[in-house]
Amino acid sequence: MLDQQLHRARMISSVAAVVISLACGTNYVYSAWAPQFADKLKLTTTESNLIGAAGNLGMYSMGVPIGLFVDNRGPRPAVAAGALLLGLGYYPFRASYENAAGSVPLLCFFAYLTGLGGCMAFQAAVKTSALNWPHHRGTATAFPLAGFGLSAFFFSQIGSIFFAGDTSAFLTVLAAGTFALIFTGFCFLKVYPHTPAYHAVPNGGSGSDTQRLRRTSSSEDGKGRGAGRFPDVEPGMSTPTTYTTPATSTQAHADAEAPGPSSSASAKLRDQTDVESARPLSPSRRTPDEDSDRDVDETSSLMSKASSLPGEVLVQNSVDMDRSHRVDIRGWRLLTNIDFWMLFTIMGILAGIGLMTINNIGHNVNALWRRFDDSVPESFLVYRQQMHVSILSIGSFCGRLLSGVGSDFLVKVVGANRAWCLVAASLVFSIAQLCAINVTNPHYLGLVSGLSGLGYGFLFGVFPSIVAETFGIHGLSQNWGFMTLAPVLSGNIFNLFYGMVFDSHIVVGPDGDRACFDGVDCYKNAYFVTLAAGALGLFVTLSTIRHQYNARLKEAGKGTAED
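Everything numeric here is computed off the predicted structure, so don't read it as measured data. (Residues numbered from 1 in each chain as written. Predicted model: local features only at pLDDT ≥ 70, side-chain atom pairs only at ≥ 80, totals over all residues. Heavy atoms only, no water.)

Q: Tell me about the overall build of the protein, residues and numbers included.
A: Of the regular secondary structure elements, the protein holds 20 helices and 6 strands. Nonlocal contacts in the protein, meaning residues at least 24 apart in sequence, comprise 85% of its contacts between residues at least 6 apart. Element-wise, carbon and sulfur atoms account for 64% of the exposed surface of the protein, whose accessible area totals about 23,300 Å². (Helix = DSSP H or I, 4+ residues; strand = E, 2+ residues; numbered from the N terminus. Contact = heavy atoms within 4.5 Å. Areas by Shrake-Rupley, 256 points an atom, 1.4 Å probe, with all protein chains shown as cover.)

Structure representation (C-alpha cells):
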C-alpha cells in the first residue's frame, strides 16, 4: 500500500514538473511577437536579436549557481523564484509595446529575467524527475524536457486562437500565464525517497556477530543531515544512509515460507529496526567503522561497501549499481575532464544553430512572404509567424521525447551509447540548414522550422541523461549548469551574425518602417555558417562516442584485473 501511494505521489509530482516546464520555455516563443514588437518600437533586427539573446543569456548563464542552489536546497525554492521572475520580466514588455517606447538595455535586462526565471524553475523540475524515477531517468526527464519544448506551441496557440493579431494581449498572457502555471506546479512538486530493498545474503554461521546491527558505507555525509530523518528526507537535498542488519538463512527461509501474522510481525520488526538504526549513535556508542563513515561526502557515490559479516540482509537499492550513482565528478574535477569539454563543445555548436532559427523564424517568414506576395496583410504575417513557432515547438517536443525514451532503449536493449542521439541531432540540424538555404517558397518554410525544432529536441532531450551518466546524478544540476553555459557564447554569436546579415538587406521607408524584400537572400549567408557548424558538430560527436567507448573498455579491463 505504501509503495502504491508513493508511486501515485511520484506520478503527480511528475505531472507537476511537466506543467512547470510548460511555462519555462517561453523564450522560444519570442519569434511570434518579436517582429511586431520591433516594428512598433522601430528597432533594427540586430537590436531585436540583442533582446532575444539576453533572454537566452538568462536561461543559460546562471545554470551553475542555480544548479548548486537546487542541489543543496531542493527544488521548491527555485520554482517559487522562477515564477516571480517570469511574471516580473514579461510585464514591462507589454508596457513598452503599449507606449511604443523602451530602452534597449532595459528591455535586455527584463528579457534576462524571463530567461533566469525559466532556468530556475526548469532545473528544479528536471532534477525532481531524475530523483523520483532513478530506474528510468531518460524517460522521466524526457517528459519535463518535452514540456519545455512544447511551451512555445502552447502559448503561440493561445495567442493565435484567443488574441489573434493582438501583441499587447499576448504579452499579458505570457506574464500572467507563466506565473500561474509554475505556481500551480509548485503546490505538487516534491521529491519522494525510495524505499530500500532488502537482499538476503546466505548465512554460513551464527554467533554474536550476526546479532548486532552494522551500518554500511554510505554516499552521504554524516553531518547530522538526513540520517535522523530517514522517512521524511528529500533526496534533492540529502540521500538517506543505508544499513545492514543481521538475518540467518533460517529466518529468511521462514519469512518466505510462512506468510501470515508471524511473517508480518517479523517484517514490521525488521522495518522498525532499520528505521531505528537510522538514528545517529552517540560518539561513545559508535564503532570505528561508523566513525569513518561520517567522513564520506553527502554528495558522493551511493554505493555501499560490501559487508564483512556473514548472514546479513543488505539494505541497498538496486539503482545504486547504476554508473551514474558510482561516479561523482563536479567542480574543478569537471573542468579538468576531457569528456566535459567534448560535450561542452557539442552543446555549444548544436544549441547555437538551433537558437538562431528559433529566435529568427519570424524574420524568415516576413522576408519570404514579402518577396513571394507583398500584398499579404500584417495580420496574415503574424499568423504565419505563430504557426512556424508552433511547428518549431512541436518538433522540439517530439525530438525530446524520442531522444529521451530512445536513449534508454539504446542503452538497455541495444547496449549502445546515448550520444548516438546527438549524432541524429547533428544530421537533422544539417538538413535543416540546407533547407533554409534553398527554400524560396514560404509554403515550404515548415521544413526549416520543423527540422530545426526536431534537432533541438533531440539535443536537449538526451543531454541531461548523458551528463548524469558521465559525471554522476548527485551533481546533475550544477554540472548541467556548466553545460548550459555553452549556448551563451554560440547562441549570441549566431544570433548577432544573423542580425547583421539581415540588416544589410533592410530597406527603411519614409515613415521609418524597416523591411527586407530580397527573400531568402535576406538571411541565406547566416545559414551557410551554421551549415559548416553542423558538420563540425557531427565530427565532434562521433569523436566523443569513440573516446567514451575506449574509456569504457579501459574501465572494464581494470575491473576484470582487480577481480
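Read on for the rest.
Q: Could you give an account of the environment of M356, with specific residues and numbers?
A: Along the polypeptide, M356 turns up in helix 14 (residues 338–372). When the C-alpha atoms of M356 and S452 are compared, they prove to be 9.6 Å apart, with 96 residues separating the residues in sequence. Setting aside its immediate chain neighbours within four residues, M356 contacts F494, N495, Y498, A526, Y527 and T530.

Q: How would you summarise the nonpolar core if you had to cite specific residues and measurements?
A: In terms of nonpolar packing, the biggest core is built from 126 residues, with W33, F37, F463 and Y523 touching the most fellow members. Apart from residues lying up to four places away in sequence, F463 is in contact with L343, I346, M347, L422, W480 and M483. (Core = buried A, V, L, I, M, F, W, Y, C linked by side-chain atoms within 4.5 Å. Buried < 20%, exposed > 50% of the residue type's maximum accessible area, 1.4 Å probe, protein only.)

Q: Please give an account of the state of the cysteines that cites residues and values.
A: Disulfides are covalent bonds that connect the sulfur atoms of two cysteines. Considering all chains together, one arrives at 1 disulfide under this definition. A sulfur-sulfur separation of 1.8 Å characterises the disulfide bridge that pairs C516 with C522. One quick way to see it: the torsion about the S-S bond of C516 and C522 is about -90 degrees, and its sign makes the bridge left-handed. Residue class for C516 comes out buried when judged on its relative accessible area of 1%. Under the relative-accessibility criterion, C522 is labelled buried at 0%. (Disulfide = S-S within 2.5 Å.)

Q: Help me get a handle on helix 19 (residues 486–503), residues and values and all.
A: Compared with an ideal rise of 1.5 Å per residue, which puts 18 residues at 26 Å, helix 19 spans 26 Å between its outermost C-alpha atoms and is within 8% of the ideal. Looking at helix 19, one finds that the buried residues are A486, P487, V488, S490, G491, F494, N495, Y498, G499, V501, F502 and D503. (Expected span 1.5 Å × (residues − 1).)

Q: Could you give me a rundown of the confidence of the model for the protein, with the residues and numbers involved?
A: Mean pLDDT over the protein works out to 75, with 73% of the residues at or above the 70 mark. The least confident element of the protein, judged by mean pLDDT, is strand 4 (residues 312–315) at 28; the most confident is helix 16 (residues 420–438) at 93. Contacts from residues 204–321, a stretch scored under 50 in pLDDT, to residues over four places away or in other chains number 191 contacts. (pLDDT = per-residue confidence, 0-100.)

Q: So what about the side chain of S151? Which residues, and what values?
A: Position of S151 relative to the elements: it lies in helix 7 (residues 137–162). Leave out the neighbours within four places in its chain, and S151 touches S21, L22, A23, C24, G25, T26 and S393.

Q: I'd like a rundown of the environment of M387, residues and numbers included.
A: Here M387 is to be found in helix 15 (residues 378–414). Once the C-alpha coordinates of M387 and S449 are considered, the two residues, 62 residues apart in sequence, prove to be 9.7 Å apart.

Q: Summarise the packing of helix 1 (residues 2–24) against helix 6 (residues 104–132); cite the residues concerned and give the values.
A: Each pair of packed helices can be described by the angle between their axes along with the distance between the axes. Contact geometry for helix 1 and helix 6: axes closest at 9 Å, N-to-C directions at 155 degrees. Of the possible angle classes, the one that applies to helix 1 and helix 6 is roughly antiparallel. Of the two possible hands of crossing, helix 1 and helix 6 adopt the one that is left-handed. Contacts from R10, S13, A17, I20, S21 and C24 in helix 1 reach G118, A121, F122, A125, T128, S129 and N132 in helix 6. Class assignment for the residues of the contact of helix 1 with helix 6 results in 6 nonpolar, 6 polar and 1 charged. (Axes fitted to C-alpha atoms, helices over the stretch in contact; angles between N-to-C directions. Parallel < 35°, antiparallel > 145°, perpendicular 65-115°, else oblique. Left-handed = near helix turned anticlockwise from the far one by under 90°. Nonpolar A, V, L, I, M, F, W, Y, C, P; charged D, E, K, R; others polar.)

Q: Lay out empty space enclosed by the protein in plain terms, naming residues and giving numbers.
A: In this structure the tally under the stated criterion is 9 cavities of 30 Å³ or more. Within this model, the second largest cavity holds a volume of roughly 160 Å³. Lining the second largest cavity are 15 residues, and of these D39, T45, H363, F502 and R514 sit closest to its centre. When residues of the lining of the second largest cavity are traced back to their parent elements, those giving at least two are helix 2 (30–41), helix 14 and strand 6 (514–515). When residues of the lining of the second largest cavity are assigned to their parent elements, the largest contribution, 4 residues, is made by helix 14. In the lining of the second largest cavity, the residues fall into 8 nonpolar, 4 polar and 3 charged. (1 Å grid on protein atoms, 1.4 Å probe; cavity = no way out; pocket = protein on both sides within 12 Å on 5 of 7 lines; lining within 4 Å. Points joined across faces, edges and corners; volume = space filled by probe spheres on them.)

Q: Any chance you could break down the packing of helix 5 (residues 75–99) against helix 8 (residues 167–186) for me, citing the residues and the numbers?
A: The geometry of helix 5 relative to helix 8 is characterised by a closest axis approach of 8 Å and an angle of 170 degrees between their N-to-C directions. Here helix 5 lies roughly antiparallel to helix 8, going by the angle between them. Taken together, the residues that form the contact of helix 5 with helix 8 break down as 16 nonpolar, 6 polar and 3 charged.

Q: Run through the packing of aromatic side chains, naming residues and quoting values.
A: All told, the structure shown has 23 aromatic pairs when counted by the stated rule. Both rings, one in F154 and one in F155, keep their centres 5.2 Å apart while their planes meet at 90 degrees; by these two values the pair is edge-to-face. A cation sits over an aromatic face here: K40 above Y97, 4.1 Å from the ring centre. Geometry around F186 places R76 over its ring, the cationic atom sitting 4.2 Å from the centre. (Phe/Tyr/Trp six-rings, centres within 6.5 Å; stacked < 30°, edge-to-face > 60°. Lys NZ or Arg CZ within 6 Å of the ring centre and 35° of its normal.)

Q: Any chance you could break down a nonpolar patch on the surface for me, citing the residues and the numbers?
A: A contiguous nonpolar surface patch, about 400 Å² in accessible area, is contributed by L84, L88, F179 and F183. Breaking the nonpolar patch down by element, the ones donating at least two residues are helix 5 and helix 8. Considering the arrangement of structural elements, one finds F183 in helix 8. Of the residues examined, F183 reaches a relative accessible area of 45% and is grouped as partly exposed. (Patch = residues over 30% accessible without salt bridge, like charges linked within 9 Å, V, L, I, M, F, W, Y side chains within 5 Å. Salt bridge = Lys/Arg side-chain N within 4 Å of Asp/Glu carboxyl O.)

Q: How would you summarise helix 8 if you had to cite specific residues and measurements?
A: Under the 1.5 Å per step criterion, the end-to-end length of helix 8 is 28 Å for 20 residues, consistent within 8% with the ideal 28 Å. A side-chain oxygen of the first residue of helix 8 lies 3.4 Å from the backbone nitrogen of S168; this N-cap is D166. (Polar contact = N/O pair within 3.5 Å; in protein donor to acceptor, adjacent residues only side chain to side chain.)

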